[in-house]
Amino acid sequence: MLFRSRSRKLGKMQAVTMNTTLGLGLGLRARARVSAKAKATTLYGAPVVGDSVKLSVRKTAKPSVVVRAAAEPLIEAPFKGIKDDIAGRTPVYLDDFKQGLNGKALASVCFLFFAALAPAIAFGAVLTGATAGMLGATEVIVGTAIGGIIYAIGCGQPLSILASTGSVVTYTAILYTTCMQYGLPFFGTYAWIGIWTSVILMAVAVTSSSNLVRFFTKFTDETFACLVACIFCVESAKKIISMFFNPAISGTLALSSALIALVTLYAGLFLSGLKRQPYGPEAIRNIVSDFAPTIAVAVGCAFASWLTATYGLSLDALSLPASLAPTAARSWVIDIFAVPNWVKLAALAPAPACAILLYMDQNITTRLVNNSVGLKKKAAYHLDMFWLSLITAATSICGLPWICASTVHSITHVKSLSDTKVNEATGREEVTGVIESRWTPLVLNILIGCAILYLKPILGQIPMCVLNGLFFYLGLSAMKGNEFIERVFMCMITDSKKMPKTHPLSAGNDRATDLGTLKKFTYMQIACLGVMWWIKGSPAAMLFPILIAALGPVRIVAGKAGWFSQKDLNNLDEQVETDPGYVAA
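Figured I'd write up the structure that's included with this text. In this text, all values refer to a predicted model and were calculated from it rather than measured experimentally. (Residues numbered from 1 in each chain as written. Predicted model: local features only at pLDDT ≥ 70, side-chain atom pairs only at ≥ 80, totals over all residues. Heavy atoms only, no water.)

Let's talk about the pattern of salt bridges
- Counted according to the given criterion, the structure contains 14 salt bridges.
- Residue K80 is joined to D84 by a salt bridge in which the shortest nitrogen-to-oxygen separation is 2.9 Å. Taken together, the residues span about one helical turn, with K80 and D84 both in helix α1 (residues 80-89) at a distance of four residues.
- Exposure remark for K80: the relative accessible area of 36% places this residue in the partly exposed category.
- We note a salt bridge from E235 to K238, for which the minimum N-O separation is 3.6 Å. Of this pair, E235 and K238 both sit in helix α7 (residues 218-241), separated by three residues, roughly a single helical turn. (Salt bridge = Lys/Arg side-chain N within 4 Å of Asp/Glu carboxyl O. Helix = DSSP H or I, 4+ residues; strand = E, 2+ residues; numbered from the N terminus. Buried < 20%, exposed > 50% of the residue type's maximum accessible area, 1.4 Å probe, protein only.)

Considering the packing of α1 against helix α13 (residues 381-397)
- Contact pair α1 / α13: the axes reach a minimum separation of 7 Å and the direction vectors enclose 110 degrees. The angle between α1 and α13 places the two elements in the roughly perpendicular class. Note on element contacts: α13 touches α1 through Y381, H382, L383 and F386, opposite G81, I82, D85 and I86.
- Partitioning the contact of α1 with α13 into residue classes produces five nonpolar, two polar and one charged. (Axes fitted to C-alpha atoms, helices over the stretch in contact; angles between N-to-C directions. Parallel < 35°, antiparallel > 145°, perpendicular 65-115°, else oblique. Contact = heavy atoms within 4.5 Å. Nonpolar A, V, L, I, M, F, W, Y, C, P; charged D, E, K, R; others polar.)

Structural notes on a nonpolar patch on the surface
- Residues I241, F244, F245, L255, L259 and L262 make up a contiguous nonpolar surface patch of roughly 640 Å² in combined accessible area.
- Ranked by the residues each element gives to the nonpolar patch, the list is headed by helix α8 (residues 251-272), at three residues.
- Checked against the element boundaries, I241 lands in helix α7.
- For I241, a relative accessible area of 47% puts it in the partly exposed group. (Patch = residues over 30% accessible without salt bridge, like charges linked within 9 Å, V, L, I, M, F, W, Y side chains within 5 Å. Areas by Shrake-Rupley, 256 points an atom, 1.4 Å probe, with all protein chains shown as cover.)

Quick look at the nonpolar core
- L117, W402 and L459 are the most contacted members of the largest nonpolar core, which has 120 residues in total.
- Here L459 is in contact with F113, F114, L117, L318, L320 and A451, once residues within four sequence places are set aside.
- The next biggest cluster of nonpolar side chains, apart from the first, holds eight residues, and it includes A105, L159, L417 and V434. (Core = buried A, V, L, I, M, F, W, Y, C linked by side-chain atoms within 4.5 Å.)

As structure tokens, this is what we get:
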């Protein structure tokens, strides 16, 4: 381990080095901070790959230290990472099911069911248009349900929710266009690209290459999470606003749809905040707050029903596939040997780009989940990647859309299972614990699979404007607690003395940072966010995964170039594990 002093007032301490890794290490990141008021040292850790237990040790009159644990290399012996993950998760596997037997887990399933099903149908509609009817909502729902069930049972981190993402849909649309341009069979080419992608992901899992996430810090996590959350909010708002500019839609219908979406959104925000109010019994407030999104959908549907009955409106409702048959006239299993041999080999060329896309989405989202406050069980990146590889192979052979961990759904899943309380000293909400359950993703995906068979009469009555309000709520929920977004608003402050007194970055707190430095770091993140936002909607959208991967190097360059002091980076972001020259401020 490497110990370095952080207190100048207490004098110089000798640096003792054991097992120096020169930047090739990866393990538990731990630091200690000295509180000037309490004169106490708090030791805490945030994992990159491995244990997710937070440490908390207090001592008196001791200088703060930076602790770096014994580390793992980037590449390990075959299957070592997977074996370690299995060894770490097996003792708590049954507990994953025991923890989910409560009302909070039920509320989480009800909320996520609507939040996951509607985007699946929406992505299905986009794929239908982009692939001329080759793929559709049926494939998205079936792939999400089957892949999600397998992942919930076998994965290491069950709080991650698998789904098809916008990046995957864009990649598939470009692939179809390319196949049509060169006269290639779409399903055969799609299957072989997916198979080679699965092989690459399996190699990543076997060699423990998910250790590369050590290059990521809060800078990457917060920027990517903010991007995805903004996409949910903006796309939801666009669907409502566009109705006012559609000549085929009356002004009354557009206004009514907007009101229904706003009622749903406000109901969700109001009810979820009840647990922080002093009115009524606490137990009832907590139950209502847990079921807030589900109740909000019911309120939105009731309001929509009243408007349609009063004014004779005809609202667009959720539309499920008519049957469980594939969208195109084909079997559920693709004949992968029917394509020419050169196509099988040529499919290897675009596979790395697809693998990067799935790797980045999967690992950044899983890292966000694993680093959530309140989790106590070991992370298992390599085991998760192992199962994602197998699921990718299965979906490819069956002609189903590829899936991976969905950022917004996963973050919201964790928050819906979190117990919180308000710190009276700071006024900030703090997480006291998280229910780490496999039941929620398992039951969620079973319900999604059953939606086509048994729930069409009920789900077909839900107006899309209600779900648009729910999606906006989902995006806002994912933004909550994102320090990057908090700093964006703090950039509007011109006088450092007017910074929120209770914010950790304000003067007098452990992570106090100069306002000018705070703005400079935040502007750098805003610039990265803006570039990614522009690329995702441009013809160069295929480069999106590479931009996500570039966030880590951008943060490292910012430190190496001297744009920020190490103390500023410690306060605004976190230590980069690969920096052998790391010096505590």
